Amino acid sequence: MNRDSLTVATPAGAVHATAGLRRGDAVVFELGGAMRGSVHVTGTHHPQHWDRFTAVRACLGPVNAYQATAPDDALPCLARGSSGYRGSLRQYTDVVGRPEVSVYPMETAAGHEPSPKTAATLTAVLRACAERVMQREDLPAMLTASRERDTPALLRFLDWSVTHHQAEAARLEAEAPAAQPARRAAVAAWWTVARWLTTAPHPVLLADYPGSLSRHVSVMQWLAPYCLTAASREHGQARRAETEAAGLRNQQIRQRRRGLTDSERVRNDLTRR
């Protein structure tokens, strides 16, 4: 059997998938047997690392669903059915090299959830196509092309993320000091009420319930520490986004230099001739 053809056992029956020629950053599998239509597989980043293109994404249909919407009549369907289906999954390896899969919601072209049997069939086909691409010899070239395709949009997102997290950290850090006098005022008010009730006890006034003085004191007790912890977390997210953006930019620079080197080599060869 050709390495670019595979047969997938599914709850709906055997599905045959045949890969066409790689088109830059993608491979399209044509389906036969228990399903008809196509699956589009392209490179993508690891779900926990925006700057590491080590994963592949398989989408139902002939296009990258994250960049374009396939026409309803181009979506794959079961051989015995007429409903086209949308959906995708991402395959990558974990820290110890084991394969991991993230499955994204699947639905019909009309927006309905597929039956469990159909969902299992679609997932099996997507996973098999993704696994086949992960084994291809030209996977590194695919991932490089995918990174070049996605880098501009990712950099815009990461730059926005840095600004957003830094702004949130500044807001939380400003809120923490203001919480301290508010906490002291709330505690003082609670004790004032407690003293008033010494001669005529009224436990309900000091009980802890939504909107009560006791609940307000409780919130004020943890608000400042929470703000500082949350601000530290936002700073960490900003630093991570900065690091990943720097990683993508460095890869861009290396790729451009490599391209210049290749061009110079071609010019030198032509000169010698």
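Residues numbered from 1 in each chain as written. Predicted model: local features only at pLDDT ≥ 70, side-chain atom pairs only at ≥ 80, totals over all residues. Heavy atoms only, no water.

K.L.:
Give me the lowdown on the pairing of strand 8 (residues 88-93), citing residues and values where you can.
P.N.:
Of all 6 residues that make up strand 8, 5 are buried, and the element is covered over most of its length. The pairing of strand 5 (residues 55-60) with strand 8 spans 4 bridges and is antiparallel. Its bridge partner lying in strand 8, alanine 58 is registered against leucine 89. Across 5 bridges, the pairing between strand 8 and strand 9 (residues 99-103) is antiparallel. Note on strand 9: the bridge partner recorded for arginine 90 is serine 102. (Buried < 20%, exposed > 50% of the residue type's maximum accessible area, 1.4 Å probe, protein only. Helix = DSSP H or I, 4+ residues; strand = E, 2+ residues; numbered from the N terminus. Pairing = 2+ DSSP bridges.)

K.L.:
Any chance you could break down the nonpolar core for me, citing the residues and the numbers?
P.N.:
In this structure, Phe29, Val39, Val41 and Val133 are the most contacted members of the largest nonpolar core, which totals 29 residues. Secondary-structure elements contributing two or more residues to this core are strand 1 (5-10), strand 2 (13-19), strand 3 (26-33), strand 4 (35-44), strand 5, helix 1 (116-134) and helix 2 (139-196). In terms of residue count, the dominant contributor to this core is helix 1 (7 residues). Setting aside residues up to four positions removed in sequence, valine 39 forms contacts with Val27, Val28, Phe29, Leu31, Ala58, Cys59, Leu60, Gly61, Val125, Leu126 and Cys129. Ranked by size, the runner-up nonpolar core spans 8 residues in total, among them Phe53, Leu155, Leu158 and Ala245. (Core = buried A, V, L, I, M, F, W, Y, C linked by side-chain atoms within 4.5 Å. Contact = heavy atoms within 4.5 Å.)

K.L.:
Talk me through the pairing of strand 2; I want residue IDs and the actual numbers.
P.N.:
With 6 bridges connecting them, strand 1 and strand 2 associate as antiparallel partners. The partner of serine 5 across the bridge, within strand 2, is threonine 18. In this antiparallel pair of consecutive strands, strand 1 and strand 2, the connection spans 2 residues. Inspection of the sheet shows strand 2 paired to strand 3 by 5 bridges, in the antiparallel sense. Counted as the bridge partner of alanine 19 is phenylalanine 29 from strand 3.

K.L.:
Describe the environment of tyrosine 104, listing the residues and the values that go with them.
P.N.:
Turning to its location among the elements, tyrosine 104 is positioned in the loop between strand 9 and strand 10 (107-108). Residues tyrosine 104 and arginine 90, 14 residues apart in the sequence, show an inter-C-alpha distance of 8.2 Å. Excluding residues that lie within four positions of it along the chain, tyrosine 104 makes contacts with Tyr66, Ser88, Leu89 and Arg90. Side chain to side chain, tyrosine 104 and arginine 90 meet in a polar contact 2.8 Å long. (Polar contact = N/O pair within 3.5 Å; in protein donor to acceptor, adjacent residues only side chain to side chain.)

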